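# Chain and residue survey
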Amino acid sequence: MRRSVREALVGFTLLGAVIGGLSLWFWLRGVSLGRSNWTLTVRFADAGGLADRSAVVFRGVQVGNVRRISPTSSAVVAELEITDPSLQLARPVVAQVQSASLLGGDAQVALISSGPPLPASAPRPGDKVCNNTRMVCNGSSLEGVSSASLSSVTELMQSLLLEAEKQNLVPEIASTTKSFDATSKEATRFLKESQKIAVQLDVLIRQLNVVAGKADPMLASLTTASADAAAASRHVRNLTAALDNPRTLAELKATVSNAERLTARIDAVGGDVSKLTGDPRFMDGVRSLAIGLGQLFDELYPAQTGLAKDKAAKDKPEKVSTEKPGSGSIGGGRQGAAGGTRLPAEAPRRLDP
């Protein structure tokens, strides 16, 4: 009895150890018996540090592991195991090898989907009705892209330096740098000259503004003068048109003829007047007429004429007459109304024509 119990305990202990070992192995291998996992096959030109059990992420979330890596002569084939049975990847999908952090770390596979989002009613990748043209299904194949690593960047830089050395680019770059330096100096000098020119242009613009302000009244005067000149030009055209009229010319000729005749008559009358004023008898008759009219006014208005004569005598000093009595002057042998003697006026002489 005791022996059977002891053997049973040993047997159960061994069975538990075997089950625990298998569970640990399955856990380490990423095998889950209670989940419906699905797989993908990705071809990489360079695995970039991938290994078994490397993580597979989608949008930063781990969704599986790398089950197996098989290098071939043309590429590296990696078998990916996706542990999320409901993960829907719309095509096109690219698998890229990335580092776990910026400072380096374990390599991982990132699934990048650039297709439109799938509806919620779309089938799962493990379903038989899964459309492999629209989404990634179980057993699909993808093309992988290797990300840049430190070694690849170093190799690329080394190749670039070797190519630069072959093409003799370093001296060319040095000469180009010198040319850039000279160009920058010329550009600086040009900018300084441009600033000076800008200042001069500013002064010139101000002077032009002043001249323009002074030119406005001149322009107004020129405009007025232009209007006056246009009016004068119109008057000249009208006058020219009138002169071109035969009727106007005939009237002008008639006016000139009448003016000539009038001038001849005026000359004739002037000659007659000169003859009359040059005749002594005519002048004596005019003087006698004047004296007679004076005596007539004295007789008609003695008071007014006497007062006027007294006032004139007071204002004007008397002059001693040097003429002899009985001389041929008009007032020599006669006395005025103030002397008390009145002589008869001489009868006007008849003028011969």
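Below or above, wherever it landed, is the structure these notes cover.

The rules behind each value
- Residues numbered from 1 in each chain as written.
- Predicted model: local features only at pLDDT ≥ 70, side-chain atom pairs only at ≥ 80, totals over all residues.
- Heavy atoms only, no water.
- Helix = DSSP H or I, 4+ residues; strand = E, 2+ residues; numbered from the N terminus.
- Buried < 20%, exposed > 50% of the residue type's maximum accessible area, 1.4 Å probe, protein only.
- Contact = heavy atoms within 4.5 Å.
- Areas by Shrake-Rupley, 256 points an atom, 1.4 Å probe, with all protein chains shown as cover.
- Disulfide = S-S within 2.5 Å.
- Salt bridge = Lys/Arg side-chain N within 4 Å of Asp/Glu carboxyl O.
- Pairing = 2+ DSSP bridges.
- Axes fitted to C-alpha atoms, helices over the stretch in contact; angles between N-to-C directions.

Moving on, we get to the overall build of the protein. A tally of helices and strands in the protein yields six helices and seven strands. Mapped from its N terminus to its C terminus, the protein presents α and β elements in the order α-β-β-β-β-β-β-β-α-α-α-α-α. Across the 353 residues in the protein, those meeting the buried criterion constitute 14%. Here the analysis covers contacts within the protein between residues at least 6 apart in sequence; of these, 59% occur between residues at least 24 apart. Of the roughly 27100 Å² of accessible surface on the protein, a fraction of 61% belongs to carbon and sulfur atoms.

Right, let's talk about the state of the cysteines for a bit. Disulfides are covalent bonds that connect the sulfur atoms of two cysteines. For the structure shown, the criterion picks out one disulfide. The disulfide bridge from cysteine 130 ends at cysteine 137, spanning 1.8 Å between sulfur atoms. Linking cysteine 130 and cysteine 137, the disulfide has an S-S dihedral of approximately -80 degrees and is accordingly described as left-handed. As far as burial versus exposure is concerned, cysteine 130 and cysteine 137 are alike and both buried.

Across all of its chains, the model carries six salt bridges by this definition. Across the pair arginine 67 and glutamate 79 runs a salt bridge whose closest N-O atoms are separated by 3.3 Å. Of this pair, arginine 67 sits in strand β3 (residues 61-71) while glutamate 79 sits in strand β4 (residues 76-82); the two residues are twelve residues apart in sequence, bridging distant segments of the chain. Judged by its relative accessible area of 30%, arginine 67 falls in the partly exposed class. Between arginine 68 and glutamate 79 there is a salt bridge, with its nearest N and O atoms 2.6 Å apart.

Position of threonine 39 relative to the elements: it lies in strand β1 (residues 38-44). The residues touching threonine 39, leaving out its near neighbours within four places in the chain, are Arg67, Glu79, Leu80, Glu81, Cys137, Asn138, Gly139 and Ser140.

All right, on to the sheet that holds β1 then. Reading around the barrel, the seven strands line up as β1-β4-β3-β2-β6-β5-β7 and close back on themselves, with mixed pairing between neighbours. On average, adjacent strands in this sheet sit at an angle of 35 degrees to one another, irrespective of strand direction. With three bridges connecting them, strand β2 (residues 55-58) and strand β6 (residues 107-113) associate as parallel partners. Opposite valine 56, over in β6, you have valine 109 as the bridge partner.

A word on unusual backbone geometry. When glycine is set aside, most residues are seen to have a negative phi, and most peptide bonds are trans. With an omega dihedral of 5 degrees, the bond running from arginine 91 to proline 92 counts as a cis peptide bond. Residue placement: proline 92 occurs in the loop between β4 and β5 (93-99). Positive phi is not limited to glycine here, since arginine 53 has a value of about 75 degrees. Within the secondary structure, arginine 53 sits in the loop between β1 and β2. On the accessibility criterion, arginine 53 (33% relative accessible area) is partly exposed. The phi angle at arginine 59 is positive, at roughly 55 degrees, despite the residue not being glycine. Structurally, arginine 59 is set in the loop between β2 and β3.

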